[in-house]
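# Commentary on secondary and tertiary structure
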Amino acid sequence: MNRIFSFPAGMLGTFHKFLDIIFCAGTLLFLYSIFSPASFYSSGYELMQLVLVSVLLTLFCFNIAGVYRDWAGVEIISECNRIVIAVLGVFGGMLILGYVFKVSGIYSRRVVLSWVITWPALMCIERVFLRKFFFNWFFETRLNKKAVIAGTGKLGAVLADWIEDNPWAGVRIEGFFDRADVSCDGSTPCLGRISDLPEYVKKNKIQLVYLALPMREEVVLEEVLRDLEDSTAQIYFFPDMSIFKRLVGGDVAQVAGQAAISLRSSPFSGINGFIKRTEDLLLGTLILILISPVMIMIALGIKMTSKGPVFFRQWRYGLGGEPFQILKFRTMRVLEDGYEFVPAVEDDPRVTPLGAFLRKNSLDELPQFLNVLMGTMSIVGPRPHAVKMNEEYRTHIPGYMLRHISKPGITGLAQVSGNKGEIKSDDEMMNRISYDIEYLQRWSVFLDIQIIFKTVFGFAWRQ
């Protein structure tokens, strides 16, 4: 929906553009003053060119990414996702221009890379500050738009609570209208029946009407829309989607020229897929460089303590349910690399002494960063299960296969939430799947970073 929460969008868009330009140029110049102050004297003209190009690319990429669109109705995490997308676009544009004009060697790579990380972080902090503090005060003025809610069920209550908790949305709820009587099921203030809504809207110059009614109320909806045709109020319908409890990647799509609600789609389609893959390549390469000495020591230890290969390949289900071979350090004396195998249990005699240590500290999982670079896995995502386990649980665990609309991950939301290790019951598996689905519904770059930090510093890697 566009502009569900509406106020002087043009003014705020201009305000944000001004701040973003200040942050863009200011952060870049500040980092140059710290890491390369001599550039102000030796390459002052080139530095001003860099600032000008970065500002122009910012205005272009931020508009394309929708950073200034639907500001009030978008959650802060979604807006930060758009900012990250736009900043990557600016960075990509600068790389292309630097290559074409052969000037990339003039500028400090250290400064530019630090800028690409620091700049979006500062803008997200600024957004949080403006929403939570400044605009909470600012929108208590006449800028608020008057709104009414038709429907007193859970959806209407949630909508009203959100608006009350977020005054920066620029909306003031005048009251509720109920379908049956004037009690409004306890929702206050109660303004009357839904049949009274059109007259109230016209008489009181209501600017926004929120219809929070079940989809089965087709007759009521049709009557309200017909009676509001001669008013100037903006009308938004919030269908009750509670029947779709496992909605993932929901959106409005055009199919055969008709509007359709997408109930299930990958959160990593389109530009999000590009961002996710870029994140995996950059972080995966960096992590592999850092852990390569540890991996070499483990490989030597495996060769010296037991016979067999260093790596162990095992089949797993990946993106789209397609099987792929996951890489691990070999921890057993046997090499069961087919679809069928006996999972390891506590005190398993097949596990070598070194293998037990590797398993306990999840060091046997380190080669999976090679899977990440090959594109069969992601750093963060639902953990891959054995093929046999998939075939067993998909038949009676609701939503089990939803996890396969994403690449499997080395770590995930379930793991950092304490759901890891051996699965001993259906309840444990259902709990893990609920976290996997929550991850797909909530995905963002910041969520991935949060999970990575919790994995490393929260010791979620230990069994």
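This next bit is on the overall build of the protein chain. A count of helical and extended segments in the protein chain gives 15 helices and eleven strands. Within the protein chain, buried positions represent 45% of all 463 residues. Long-range contacts, defined as pairs at least 24 residues apart, comprise 70% of the intrachain contacts of the protein chain with a sequence gap of at least 6. Accessible surface for the protein chain amounts to roughly 24,600 Å². Of this, 62% is attributable to carbon and sulfur atoms.

As a further point, take a negative patch on the surface. Among the surface-exposed residues, E218, E222, E223, D227 and E229 lie close enough to one another that they form a single negatively charged patch. Positionally, E223 belongs in helix α8 (residues 218–227).

Moving on, we come to the sheet that holds strand β3 (residues 190–193). Read from one edge of the open sheet, five strands run β3-β2-β1-β4-β5, paired in parallel fashion. Of all the strands in the sheet, just β3 and β5 (234–237) have a single pairing partner and so form its edges. Between one strand axis and the next, the sheet turns through 25 degrees on average, direction left out of account. As judged from the four bridges shared by strand β1 (residues 145–150) and strand β4 (residues 208–211), these two strands associate in the parallel manner. Residue V148 lies in a different strand from β4, and its bridge partner there is V209.

With that settled, consider the environment of L88. Within the element layout of this structure, L88 appears in helix α4 (residues 76–100). In the structure, L88 is positioned 190 residues away from T278 in sequence and 9.6 Å away in space, judged by C-alpha atoms.

Counting residues in each nonpolar core, the largest one holds 60 residues, and the members touching the most others are F62, V90, W115, W119, F329 and Y439. Sort the elements by how many residues they give to this core and α4 lands first, with eight residues. When residues no more than four places from it in sequence are discounted, the contact partners of V90 are S54, L57, T58, C61, F62, W115 and W119.

What follows is about a nonpolar patch on the surface. Residues V53, I96, L97, Y99, V100 and F101 make up a contiguous nonpolar surface patch of about 640 Å² in total accessible area. With four residues, the single largest contributor to the nonpolar patch is α4. Inspection of the secondary structure puts F101 in the loop between α4 and α5 (109–138). Relative accessible area serves as the criterion here: at 58%, F101 is assigned to the exposed category.

A low pLDDT means the predicted coordinates there should not be read in detail. Averaged over all residues, the pLDDT of the protein chain is 80; the fraction at 70 or higher stands at 81%. Within the protein chain, strand β6 (residues 251–255) has the poorest average pLDDT of any element, 59, and strand β10 (residues 378–380) the best, 94. Contacts of residues 1–10 to residues separated by more than four positions or lying in other chains number 35 contacts, the stretch itself having pLDDT below 50.

In total, this model carries eleven salt bridges according to the counting rule given. Two residues, R383 and E365, come together in a salt bridge whose shortest N-O distance is 3.2 Å. Here R383 is found in the loop between β10 and α12 (387–393), whereas its partner E365 is found in the loop between α10 (353–360) and α11 (368–374), with 18 residues between them in sequence. A relative accessible area of 13% places E365 in the buried class. Taken together, the shared-partner salt bridges in this structure form one network comprising D20, E79, E126 and R127.

What follows covers the pairing of β1. Examined bridge by bridge, β1 and strand β2 (residues 171–178) share six bridges and lie parallel to one another. From the neighbouring strand, A147 faces β2, where its bridge partner is I173.

Within a regular beta strand, the side chains point alternately toward one face of the sheet and then the other, so they alternate between its two faces. With three bridges joining them, β2 and β3 adopt parallel strand pairing. Bridging across to β3, F176 finds its partner in C190.

This paragraph deals with the packing of helix α3 (residues 44–64) against α4. α4 packs onto α3 with a crossing angle of 135 degrees between their chain directions and a minimal axis gap of 9 Å. In this view, α3 runs oblique relative to α4, as classed from their interaxial angle. In this structure, α3 meets α4 at a crossing whose hand is right-handed. Residue-level inspection shows L50, V53, S54, L57, T58, C61 and F62 of α3 in contact with α4, the latter providing A86, V87, G89, V90, G93, M94 and L97. Classifying every residue of the contact of α3 with α4 gives ten nonpolar, four polar and no charged.

Another point: the environment of M215. For M215, the position within the fold is in the loop between β4 and α8. Its relative accessible area of 42% is what places M215 among the partly exposed residues. For the pair M215 and F238, spaced 23 residues apart in sequence, the C-alpha separation works out to 9.0 Å.

On to the packing of aromatic side chains, then. Under the defined criterion, the tally for this structure stands at eight aromatic pairs. Measuring from centroid to centroid gives 4.8 Å for W115 and W119, while their planes differ by 5 degrees, and the two rings are stacked. Of this pair, W115 and W119 are both found in helix α5, four residues apart, which corresponds to roughly one turn of the helix. Here W115 matches W119 in class, with each residue buried. Between F268 and W443, the aromatic rings sit 5.1 Å apart at their centres with planes inclined by 80 degrees, giving edge-to-face as the arrangement. A residue pair is termed long-range when its members are at least 10 positions apart, and F268 in the loop between β7 (258–262) and α9 (271–305) and W443 in the loop between α14 (426–442) and α15 (445–457) qualify at 175 residues. A relative accessible area of 14% means that F268 is categorised as buried. A relative accessible area of 9% means that W443 is categorised as buried.

Definitions and cut-offs
Residues numbered from 1 in each chain as written. Predicted model: local features only at pLDDT ≥ 70, side-chain atom pairs only at ≥ 80, totals over all residues. Heavy atoms only, no water. Helix = DSSP H or I, 4+ residues; strand = E, 2+ residues; numbered from the N terminus. Buried < 20%, exposed > 50% of the residue type's maximum accessible area, 1.4 Å probe, protein only. Contact = heavy atoms within 4.5 Å. Areas by Shrake-Rupley, 256 points an atom, 1.4 Å probe, with all protein chains shown as cover. Patch = residues over 30% accessible without salt bridge, like charges linked within 9 Å, V, L, I, M, F, W, Y side chains within 5 Å. Salt bridge = Lys/Arg side-chain N within 4 Å of Asp/Glu carboxyl O. Lys, Arg positive; Asp, Glu negative; His and termini not counted. Charge placed at Lys NZ, Arg CZ, Asp CG, Glu CD. Pairing = 2+ DSSP bridges. Axes fitted to C-alpha atoms, helices over the stretch in contact; angles between N-to-C directions. Core = buried A, V, L, I, M, F, W, Y, C linked by side-chain atoms within 4.5 Å. pLDDT = per-residue confidence, 0-100. Parallel < 35°, antiparallel > 145°, perpendicular 65-115°, else oblique. Left-handed = near helix turned anticlockwise from the far one by under 90°. Nonpolar A, V, L, I, M, F, W, Y, C, P; charged D, E, K, R; others polar. Phe/Tyr/Trp six-rings, centres within 6.5 Å; stacked < 30°, edge-to-face > 60°.

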